[in-house]
Each structure stands twice: as structure tokens, then as C-alpha cells.
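The primary structure of each chain is shown beneath.
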Amino acid sequence: MVGSVNKVILLGRLGKDPDIRSMQNGKKIANFSIATSKRWTDRETQEKKEKTSWHNVVVFNEGLVGIVEQYVKKGSQIYVEGELQTRKWQDQEGKDRYTTEVVLQNYTGNLTLLGSRNQSDTIENQTSSMDNNSVSDDSFGEMASDSSDLDEDIPF
């Protein structure tokens, strides 16, 4: 393979408030988890089913950390684009553990808040000069949150 791509796109809701921490060099990072859900109707029983997956997100982009710190909270619906990274660490017993996270770095990460127009307009005015940071209103996201229209069977 000549090239490769490492890109993750998620649209979901936060399960709890973000955790903002400072590194030794003074820069802040944000950690949070996003829940994404898949809903469908079982073909045989016609029972509605749902599966939720949780995704750990780490934000290193200082501009985005500021947005997360000020505007993102438990239940917020957000869209993120980042890279998938797995890191190795050791637990208290000395056993190797692995954690896979979606990482938003400088210049490669994107975070869009999907909320009410009033909330987003305020954020856009305060962050319009930030490089490669996207904060906007998404009326499609509000319409798409009612997935009952999408429960029809797809023939493939």
C-alpha cells in the first residue's frame, strides 16, 4: 500500500462532564467519552433494538480544549474527527494494559458542537479566529436525532 489513512469520525453524546487536566509543560488537555448508538428493528420479532458503544476522546489542541472546557458538558451532542491511537501502560500490579482513544491533535482534529442556535452563535463569535477548529449549529443533527424514520429495513 502506497499510503494510509487514520481518521475517526464520531457523532454522539457525552456520558459525563469532560475532565480537563494540565500537563507538566502547562498545556491543558481534555478527556471525555462519547456514546454512539445503533438502532434497528429485528426482522423476525419486529422488536426495536439498540446497541451503544463508548469511545474515549483526548483533545490536545489548546483551542479545542478551551471550547470543551467552557461549553461541553454531560449530555452535549458533538461531532469529532481525529486519529485512532493505542497506548500501552502498566496497572498497579505491573501488568501491561492497552487503551485505544480518538486523539484530536493540533491541525488534524475537529470538534463541532451540535446544539441550539443561540448557544452555537455565541461560541462562533468567540472562536471565529481559531485555525482548523469548527464550531457550528447543525439543524440536520437535530432532525436526525429522531431515528424513527430510519428504522425501515434496507434490502441489502
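These numbers were taken from a predicted model, which means no experiment stands behind them.

Rules behind the numbers
Residues numbered from 1 in each chain as written. Predicted model: local features only at pLDDT ≥ 70, side-chain atom pairs only at ≥ 80, totals over all residues. Heavy atoms only, no water. Helix = DSSP H or I, 4+ residues; strand = E, 2+ residues; numbered from the N terminus. Buried < 20%, exposed > 50% of the residue type's maximum accessible area, 1.4 Å probe, protein only. Polar contact = N/O pair within 3.5 Å; in protein donor to acceptor, adjacent residues only side chain to side chain. Contact = heavy atoms within 4.5 Å. pLDDT = per-residue confidence, 0-100.

S.K.: Can you explain the overall build of the protein chain? Please cite residues and give values.
M.R.: The helix and strand inventory of the protein chain stands at 3 helices and 7 strands. For the protein chain, the succession of helices and strands along the chain, N to C, is β-β-β-β-α-β-β-β-α-α. The buried share of the protein chain, reckoned over its 156 residues, is 34%.

S.K.: Could you give an account of the side chain of Asp-91, with specific residues and numbers?
M.R.: Tracing the backbone through its elements, the reader meets Asp-91 in the loop between β5 (77-90) and β6 (96-104). Asp-91 gets classed as buried once you look at its relative accessible area, which sits at 19%. In terms of polar contacts, Asp-91 uses its side chain to reach the backbone amide nitrogen of Glu-93, at 3.0 Å.

S.K.: Describe the environment of Gln-90, listing the residues and the values that go with them.
M.R.: When you line up the elements, Gln-90 lands in strand β5. Exposure remark for Gln-90: the relative accessible area of 55% places this residue in the exposed category. Not counting residues up to four positions away in its chain, the partners in contact with Gln-90 are Lys-95 and Asp-96.

S.K.: Before we move on, could you go through unusual backbone geometry and cite the residues and values that matter?
M.R.: Backbone geometry at Gln-46 places phi at a positive 60 degrees, although glycine is not the residue there. By the element assignment, Gln-46 lies in the loop between β3 (28-41) and β4 (48-59). Residue Gln-46 is classed as exposed on the basis of its relative accessible area, which comes to 54%. The phi angle at Tyr-107 is positive, at roughly 75 degrees, despite the residue not being glycine. You can see Tyr-107 is positioned in the loop between β6 and β7 (110-114). Given a relative accessible area of 66%, Tyr-107 falls into the exposed group.

S.K.: How would you sum up the side chain of Glu-81? Please name residues and give values.
M.R.: Along the chain, the position of Glu-81 falls in strand β5. Side-chain polar atoms of Glu-81 contact the side chain of Lys-7, separated by 3.2 Å. Ignoring sequence-local partners within four residues, the contact set of Glu-81 consists of Lys-7, Val-8, Ile-9, Leu-104, Thr-108, Gly-109 and Asn-110.

S.K.: Got a sec to walk through the confidence of the model for the protein chain? Specific residues and values, please.
M.R.: With 73% of its residues at a pLDDT of at least 70, the protein chain reaches an overall mean of 80. In this model, residues 117-151 is a region of pLDDT below 50 whose contacts with residues beyond four sequence positions or in other chains number 48 contacts.

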